[in-house]
Structures are given as C-alpha cells and as structure tokens.
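Descriptive analysis of the structure
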Amino acid sequence: MKNDDVNFNLRDPIQLLAVGFGSGLAPKAPGTCGTLAAIPFFLLLSLLAPLYYAVVVVVLSIAGIYICEKAAKASGVHDHGSIVWDEFIGYFVTMFMIPVSWQSVLVGFILFRFFDILKPWPISLADKKLDGGFGIMFDDIIAGLFALILMHLIF
C-alpha cells in the first residue's frame, strides 16, 4: 500500500509519533526517512548515561507497541510503511553504548537499514509470524540488535 493511500491524523499524538513526526509520510523510502529523523533524537539520548539510555529505550519500546498498534488500527493496515516509530527504536538499539561521531552515526544508520530492509533470519521470521504492535516493533528491535553487534565489533 502506498503511503498516500492512508491519511494519518497528525493532530492525534499517537499517530504523530507513529509516523515519526511526519518523516514516515515521505513518498519514497519512508523507513529510511524515519531512521534519518531518529538521528537528532539519538544525539539527545546519547547524552544520557548508559543505564538511563537503556531505560528510556525500553520505555519507548513498550510505548511503541501501543503506538504502532493504535496507528495500524487507525490506518487499517498492519505495519503500514508510514509507521516508523519502530525504526526510531531500532536505530536507538543499534547505537547503544557506541561512541558518538559522524562516522558511527552513519555506519549505524547503514547497518540498521541493511538488516531492516533485507530481514535475514530470524528477523524475517518475526516479521512474518508476529502480529499487532509487538510484531511491528520486534523485527526492528532484532534488526537493531544485529546492527548493534556489528557496531561493537567496528567501534
């Protein structure tokens, strides 16, 4: 389904968050645009101590289950391409405890998008078998974990 086939209500805070403050409404590559939009938020999160960073990401992930579920129901489409809150969380997972530099931000972006787009096993399994907000979120969290492992090997 194309992104212009569903009209998200950006006055609804849940839908606004789900579409990444509008970044997911891009006509091409909404997931990539959503991940790009996550970078400034990551830079703010990176100022936190690792424990606080982890707590915030866990809370945002749990909230994301609700946010993505509500937005999917509102759109009538499970995991509509415009829903990019899961990309935000996946990128935050990718960057956990990585030293911040333009290089690490770029490599993290590329690695996360690689795993999120190609969905190697078990990401593909989670994407196909899990439903609802949890299903929307979980495959991106796994993609973030795969990217995180490589990030720690690189950085």
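See the structure shown above.
For clarity, every value in this text was computed on a predicted model and none was experimentally measured.

1. Notes on the nonpolar core
Counting 38 residues, the largest nonpolar core has Ile 83, Tyr 91, Phe 92 and Met 95 as the members making the most contacts within it. Those elements giving two or more residues to this core turn out to be α2 (30-45), α3 (50-75), α4 (85-94), α5 (102-118), α6 (123-129) and α7 (132-154). Setting aside residues no more than four positions away along its own chain, Tyr 91 makes contact with Thr 35, Ala 38, Ile 39, Phe 42, Val 105, Gly 108, Phe 109 and Phe 112.

2. Some words on the packing of α3 against α7
As a packed pair, α3 and α7 sit with axes 7 Å apart at the nearest point and diverge in direction by 125°. With respect to α7, the axis of α3 lies oblique. Read as a crossing pair, α3 and α7 show a hand that is right-handed. On α7, the residues touching Ser 61, Gly 64, Ile 65, Cys 68, Glu 69 and Ala 72 of α3 are Gly 132, Gly 133, Phe 134, Ile 136, Met 137 and Ile 141. Taken together, the residues of the contact of α3 with α7 break down into 7 nonpolar, 4 polar and 1 charged.

3. Let's talk about the pattern of salt bridges
Tallying each qualifying case throughout the model produces 5 salt bridges. Here Lys 73 makes a salt bridge to Glu 69, at a shortest N to O gap of 3.4 Å. Of the two residues, Lys 73 and Glu 69 are both situated in helix α3; the distance of 4 residues between them amounts to about one turn of the helix. Lys 73 gets classed as exposed once you look at its relative accessible area, which sits at 62%. Note that Asp 116 and Lys 119 form a salt bridge whose closest N and O atoms lie 3.1 Å from each other.

4. Here we look at the packing of aromatic side chains
Applying the stated rule across the entire model yields 11 aromatic pairs. Of the aromatic side chains, those joined through ring pairs into one cluster are Phe 21, Phe 41, Trp 85, Phe 88 and Phe 92.

5. A look at unusual backbone geometry
Across the junction of Trp 121 and Pro 122, the peptide omega takes the value 5°, indicating a cis bond. Among the secondary structure elements, Pro 122 is positioned in the loop between α5 and α6. The backbone of Lys 119 sits at a positive phi, close to 50°, despite the residue not being glycine. Examined against the element boundaries, Lys 119 turns out to sit in the loop between α5 and α6.

6. A closer look at α2
Taking 1.5 Å as the rise per residue, α2 with 16 residues should run 22 Å; its terminal C-alpha atoms sit 22 Å apart, in good agreement. Of the positions making up α2, those classed as buried are Pro 30, Gly 31, Gly 34, Thr 35, Ala 38, Ile 39, Phe 42 and Leu 45. On the buried face of α2, the contacting elements are α3, α4 and α5.

Reading the values: the criteria
- Residues numbered from 1 in each chain as written.
- Predicted model: local features only at pLDDT ≥ 70, side-chain atom pairs only at ≥ 80, totals over all residues.
- Heavy atoms only, no water.
- Core = buried A, V, L, I, M, F, W, Y, C linked by side-chain atoms within 4.5 Å.
- Buried < 20%, exposed > 50% of the residue type's maximum accessible area, 1.4 Å probe, protein only.
- Helix = DSSP H or I, 4+ residues; strand = E, 2+ residues; numbered from the N terminus.
- Contact = heavy atoms within 4.5 Å.
- Axes fitted to C-alpha atoms, helices over the stretch in contact; angles between N-to-C directions.
- Parallel < 35°, antiparallel > 145°, perpendicular 65-115°, else oblique.
- Left-handed = near helix turned anticlockwise from the far one by under 90°.
- Nonpolar A, V, L, I, M, F, W, Y, C, P; charged D, E, K, R; others polar.
- Salt bridge = Lys/Arg side-chain N within 4 Å of Asp/Glu carboxyl O.
- Phe/Tyr/Trp six-rings, centres within 6.5 Å; stacked < 30°, edge-to-face > 60°.
- Expected span 1.5 Å × (residues − 1).

By themselves, these are just geometric observations and shouldn't be taken as functional.
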